[in-house]
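Single-letter residue listing:
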Amino acid sequence: MGTGRLYAAVAVGGFRRYATYRTATAAGVFTNTVFGLILAYIFIALWDDRPHLGGYDQAQALSYVWLGQALLMVVAVMGGGFEDELIERIRTGDIAIDLYRPADLQLWWLAQDAGRALFHLLGRGVVPLAFGALFFDLALPADPLAWIAFLVAVALGAVVSFALRFLVALCAFWLLDGAGVAQLAWIAGIFCSGMLLPLNVFPGVLGEVVRALPWSSLIQAPVDVLLGTADVPRTYLFQAAWAAALLAAGRLVQSAATRRVVVQGG
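This report concerns the structure included in the present document. Since the structure is predicted, the reported quantities are computational estimates derived from the model, not experimental observations.

Cut-offs applied
- Each chain carries its own residue numbering, running from 1 in the direction its sequence is written.
- The predicted nature of this model means local features are confined to residues of pLDDT at least 70 and side-chain atom pairs, given and counted, to a pLDDT of 80 or more, with totals for whole chains, interfaces and linings taken over all residues.
- To get the side-chain values, all heavy atoms of the structure are used, and hydrogens and water are removed first.
- To get an axis, fit a line to the C-alpha atoms, keeping to the stretch in contact for a helix; angles then go from 0 to 180 degrees between the N-to-C directions.
- The secondary structure listing takes helices from DSSP runs of H or I that are at least 4 residues long and strands from runs of E that are at least 2 residues long, numbered from the N terminus.
- Each angle gets one of four labels, with under 35 degrees taken as roughly parallel, over 145 as roughly antiparallel, 65 to 115 as roughly perpendicular, and the rest as oblique.
- Any two residues having at least one pair of non-hydrogen atoms within 4.5 Å are treated as being in contact.
- Residues are grouped as follows: Ala, Val, Leu, Ile, Met, Phe, Trp, Tyr, Cys and Pro are nonpolar; Asp, Glu, Lys and Arg are charged; all remaining types, including Gly, are polar.
- Only protein chains enter the accessibility calculation, which uses a 1.4 Å probe; a residue whose area is less than 20% of its type maximum is buried, one above 50% is exposed, and one in between is partly exposed.
- Whether two aromatic rings pair depends on their centres lying within 6.5 Å, for rings of Phe, Tyr and Trp, where Trp uses its six-membered ring; planes under 30 degrees apart make the pair stacked, over 60 edge-to-face, and the rest tilted.
- Think of it this way: Lys and Arg go in the positive column, Asp and Glu in the negative one, and His and the chain ends go nowhere.
- Throughout this description, the term salt bridge denotes a Lys or Arg side-chain nitrogen within 4 Å of a carboxyl oxygen of Asp or Glu.
- Polar contacts, as used here, are pairs of N or O atoms within 3.5 Å; protein pairs need one atom able to donate a hydrogen and one able to accept it. Residues neighboring in sequence count only if both atoms are side-chain atoms.
- To estimate how far a helix should reach, multiply one less than its number of residues by 1.5 Å.
- Cysteine sulfur atoms are paired as a disulfide whenever they fall within 2.5 Å.
- Two helices crossing with the near one rotated counterclockwise from the far one by less than a right angle form a left-handed crossing, whereas a clockwise rotation gives a right-handed crossing.

## Description of the packing of helix H7 (residues 144-170) against helix H10 (residues 220-227)
Then step 1. The N-to-C vectors of H7 and H10 enclose an angle of 170°; their axes lie 8 Å apart at closest approach. As far as their axial angle goes, H10 and H7 are roughly antiparallel. In this structure, H7 uses Ala-146, Trp-147, Ala-149, Phe-150, Ala-153 and Val-154 to contact H10, whose residues at the interface are Pro-222, Val-223, Val-225 and Leu-226.
Then step 2. Residue composition of the contact of H7 with H10, by class: 10 nonpolar, no polar and no charged.

Written out as structure tokens, the structure reads:
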């Protein structure tokens, strides 16, 4: 099997793996929808009091809510992807088997996570967004090119998310348990991705900082692309730069971890 076909098969396997959990998917759709309702009414009250907060009108703010709920699991803001399994394999020593396989560790997990992200986009993203569009006045574009641009930004955000979580998981090579680092990354993701509140609302220096961090690629950037409030080429460049930098850092850490395993094994 060629290299490309191998990783494509891994991605398909990742998609099928999550597709088997139908009850969990249904529960997740329900949870995202309920949480979206809570946020929607909070945003309505907030935007009634502060119209055009963060540069959004109320319809755009509500669109932000439901798009965020659609993307929540796609970009794994709160984790829940491959990282727990990878941390466990490092902890038990099973990672040594993975490192000796004729497949790149980073690309293997990236392919699997791509399958997971695609499933969650279709399985947990479409229904909450459709519900929001049915019961609220959203500012969703009719132009299919805007949706294509949005999906490109989502894909780049998913790669940034993977690269962050891959680095978090690799910390387990030097720590007794990677849970602490994973929890810190989870908190940073909630606060800095725009999951709870658009980053455009954050004032002054704090707003500049959170918008410059990689987590802003996860939700804020794709939503702004769809709503037409972002410079699309610049947004893509920002996301791609963070993806490249984080993937390169992950490869360096992976190389150091491999040498550590070889030395210990020897």
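From this point, the discussion proceeds with the structure in view.
## Re unusual backbone geometry
Then step 1. Even without a glycine there, the phi angle at His-52 is positive, about 65°.
Then step 2. Looking at where His-52 falls in the secondary structure, it is placed in the loop between helix H2 (22-49) and helix H3 (58-71).
Then step 3. Exposure remark for His-52: the relative accessible area of 57% places this residue in the exposed category.
Then step 4. Its identity is not glycine, yet Ala-76 carries a phi of approximately 50°, on the positive side.
Then step 5. Residue placement: Ala-76 occurs in the loop between H3 and helix H4 (83-92).
Then step 6. For Ala-76, a relative accessible area of 3% translates into the label buried.

## Topic: the environment of Val-232
Then step 1. The residue Val-232 is located in helix H11 (residues 232-265) in this model.
Then step 2. Classification of Val-232 by relative accessible area gives partly exposed; the value is 26%.
Then step 3. Separated by 122 residues in sequence, Val-232 and Leu-110 have C-alpha atoms that sit 25 Å apart.

## Focus: the packing of aromatic side chains
Then step 1. This structure, assessed with the given rule, holds 13 aromatic pairs.
Then step 2. Their ring planes at 40° and their centres at 6.0 Å tell us that Tyr-56 and Tyr-64 sit as a pair that is tilted. For the pair formed by Tyr-56 and Tyr-64, the shared burial category is buried.
Then step 3. Each residue in the set Tyr-41, Trp-66, Phe-131, Phe-135 and Phe-136 is aromatic and connected to the rest through ring pairs, giving one cluster.

## So, the side chain of Arg-124
Then step 1. The residue Arg-124 is located in helix H6 (residues 105-135) in this model.
Then step 2. Buried and without a salt bridge, Arg-124 has Glu-83 as its closest oppositely charged side chain, separated by 12 Å.
Then step 3. In terms of polar contacts, Arg-124 uses its side chain to reach the backbone carbonyl oxygen of Gly-28, at 3.4 Å.
Then step 4. Apart from residues lying up to four places away in sequence, Arg-124 is in contact with Thr-25, Gly-28, Val-29, Asn-32, Met-73 and Phe-119.

## Thoughts on H7
Then step 1. With 27 residues, H7 should reach 39 Å at 1.5 Å per residue; the first-to-last C-alpha distance of 39 Å fits that figure.
Then step 2. For H7, the N-terminal capping position is held by Asp-143, with its side-chain oxygen 3.0 Å away from the main-chain nitrogen of Leu-145.

## Quick notes on the environment of Asp-137
Then step 1. Positionally, Asp-137 belongs in the loop between H6 and H7.
Then step 2. The exposure class assigned to Asp-137 is exposed, which follows from its relative accessible area of 60%.
Then step 3. Setting aside chain neighbours within four positions, we find Asp-137 in contact with Ala-59 and Leu-62.

## A closer look at the state of the cysteines
Then step 1. Applying the stated criterion across every chain yields a total of 0 disulfides.
Then step 2. Left unpaired, Cys-192 is separated from the closest cysteine sulfur, that of Cys-171, by 17 Å.

## Points about the packing of H3 against H10
Then step 1. At a minimum axis distance of 10 Å, the contact between H3 and H10 shows a crossing angle of 130°. Relative to H10, the element H3 lies oblique. Where H3 crosses over H10, the handedness of that crossing is right-handed. Between H3, through Gln-60, Ser-63, Tyr-64, Leu-67 and Leu-71, and H10, the contact on the second element is made entirely by Gln-220, Pro-222, Val-223, Leu-226 and Leu-227.
Then step 2. In the contact of H3 with H10, the residues fall into 7 nonpolar, 3 polar and no charged.

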